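# Working through the structure, step by step
Listed here are the chains, written in short residue letters.
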Amino acid sequence: ADPMLKVLHHIPRVMVIQETSVQPNRDKLRGIFKYAHLYGPWHVHLVHGRLGEARPGSVRELRAYDGILAGPMMMGLAASLGKMRCPVVLMDPLDAVLQQTPRFRRFCRTCDDSTQVGEAGADYFLSRGYSAFAYVNEFLNRNWSLRRGEAFRKRIRKAGFPCSLYTRPDTLPDAAGDARALAAWLRDLPKPAALLAAMDTRAYQVIELCSQLGIAVPRDVAILGIDDDELLCNGSIPTLSSIRRDTE
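Along each chain, numbering runs from 1 in the same order as the chain's sequence is written. For a predicted model such as this one, the threshold for reporting local features is a pLDDT of at least 70, and the threshold for listing and counting side-chain atom pairs is 80 or more; totals across whole chains, interfaces and linings nevertheless cover every residue. Side-chain measures were taken over the full set of non-hydrogen atoms in the model, leaving aside hydrogen atoms and water.

A pair of strands is treated as paired once DSSP finds two or more bridges between them. Helix and strand assignments come from DSSP, with helices taken as H or I runs of at least 4 residues and strands as E runs of at least 2, each series counted from the N terminus. Pairing within the open sheet is parallel, and its five strands lie in the order 2-1-3-4-5. Both edges of this open sheet fall to strand 2 (43–47) and strand 5 (108–110), since each of them pairs with a single strand only. In this sheet, adjacent strand axes meet at a mean angle of 20 degrees when their direction is disregarded. Lines fitted to the C-alpha atoms define the axes, with helices restricted to the stretch that makes contact. Angles between their N-to-C directions range from 0 to 180 degrees.

Okay, the sheet that holds strand 6 (residues 133–136) next. Taken together, the five strands give an open sheet; going across it, the order is 7-6-8-9-10, and neighbouring strands pair in parallel fashion. Looking at strand neighbours, the two that pair on one side only are strand 7 (163–166) and strand 10 (241–243), the edges of this open sheet. Averaged over all pairs of adjacent strands, the angle between strand axes in this sheet comes to 25 degrees, irrespective of strand direction. The sheet strands contacting helix 6 (residues 114–126) are strand 6, strand 8 (193–197), strand 9 (221–226) and strand 10, and the helix crosses strand 9 at an angle near 150 degrees. Only heavy atoms enter the contact rule, under which two residues are in contact if any of them lie within 4.5 Å. Of the strands in this sheet, strand 6, strand 7 and strand 8 are in contact with helix 8 (residues 175–188), which crosses strand 7 at around 165 degrees.

Moving on, we come to the pattern of salt bridges. Two side chains of opposite charge can pair, provided their charged atoms sit close to one another. The term salt bridge refers to a pairing of a side-chain nitrogen on Lys or Arg with a carboxyl oxygen on Asp or Glu at a separation within 4 Å. The final tally for this structure, using the stated rule, is 15 salt bridges. With its nearest N and O atoms 2.6 Å apart, the salt bridge here joins Asp 27 to Arg 30. Of this pair, Asp 27 and Arg 30 both sit in helix 2 (residues 23–39), three residues apart, which is roughly one turn of that helix. Residue exposure (1.4 Å probe, protein chains only): buried if accessible area is under 20% of the type maximum, exposed if over 50%, otherwise partly exposed. The exposure class assigned to Asp 27 is buried, which follows from its relative accessible area of 1%. We note a salt bridge from Glu 119 to Arg 155, for which the minimum N-O separation is 3.3 Å. You can see Glu 119 sitting in helix 6 and its partner Arg 155 sitting in helix 7 (residues 143–158), a full 36 residues away along the chain. Taken together, the salt bridges that share partners define one network made up of Asp 27, Arg 30, Asp 228 and Arg 244.

Here we take up the layout of surface pockets. The volume enclosed by the largest pocket comes to roughly 500 Å³. Looking at the largest pocket, it is lined by 25 residues, and the ones nearest its centre are Lys 28, Pro 72, Asp 92, Leu 94 and Trp 144. Residue assignment for the lining of the largest pocket shows that the elements contributing at least two residues are helix 2, helix 5 (95–100) and helix 7. Per-element accounting of the lining of the largest pocket gives the leading share, four residues, to helix 7. The nonpolar class holds Ala, Val, Leu, Ile, Met, Phe, Trp, Tyr, Cys and Pro. Asp, Glu, Lys and Arg form the charged class, and all remaining residues, Gly among them, are polar. A per-class count over the lining of the largest pocket returns ten nonpolar, four polar and eleven charged. Only protein atoms enter the 1 Å grid used here, on which a cavity is any set of points holding a 1.4 Å probe that cannot leave and a pocket is any open set flanked by protein within 12 Å on both sides along at least five of seven lines; residues with an atom within 4 Å of a point are listed as lining. Grid points are joined across faces, edges and corners, and a volume is the space filled by probe spheres set on the points.

Below, the structure is given as C-alpha cells:
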C-alpha cells in the first residue's frame, strides 16, 4: 500500500485553546496554522473565548482529539485537561496554574523569555542617554510581567541608575482604583523619564493618563510597549514604539 495514503488515512484532530484579542496570541495562532499547513493537514478546533462557541469540557469530549495546544485561558478545562493522555502543550502557563494543577507539570510547555524582553527595553533606553527610568506592571501582576520588570530594573541598576516601579496594590482590585493610583504615581515620577510598560495595552493606558495629567509624551515621559500590536501602536497619540517578540 502507498505509505502516503496510510498517513492521510487519519487526519489528526487538534484543539487549540487561545484567546485572540491581543497581538502575541494572534501571532502564536499564525505560527500554529503555518505549521499545520506545512506538516499537516490537521483538523484544528479553535477555542478562543467568543460568546456561543462550542467549547468541549468533559474528558470524554476531549478524548476525541489527537493533541491539544492550550494557552493561559485553559483554566476552565483544567480538571479535564489534567487527565489527558494525548500530547498536550501548554503555551506560556502562569506559575499559579502549574501550582494549582500539579498534573500540568508533566506536559510540555513553551515559555516567554521575559528576561530577554526586559533587558531589550533597558538597552533601548540606555542607548538614548536617559538617566531616570520606570516600569509599569500589567494589571493582574502576572509572572511574565513581574519577570520583565525585574530584568529591566536589574539592567538599569547595573548601569548605575534608579528605576521606579508601579505595581497595582492588592487593596485596589478594580480598574478604576488602579487607574487613580497609576495616575498619582505618574504625576510624582522624576522627569524626564524612560518608561517600559509590561504590554502595549498598558502602555496605551499610560499614554492616555499622561494626556489627562498634562504630562508631555515623549518629552516628559518616553514610553515603550511590548508586543508591537499594530492597531494600538498606530492608534495612540503619539504613536507607540514597542518591542516585537518572536511569538509566531
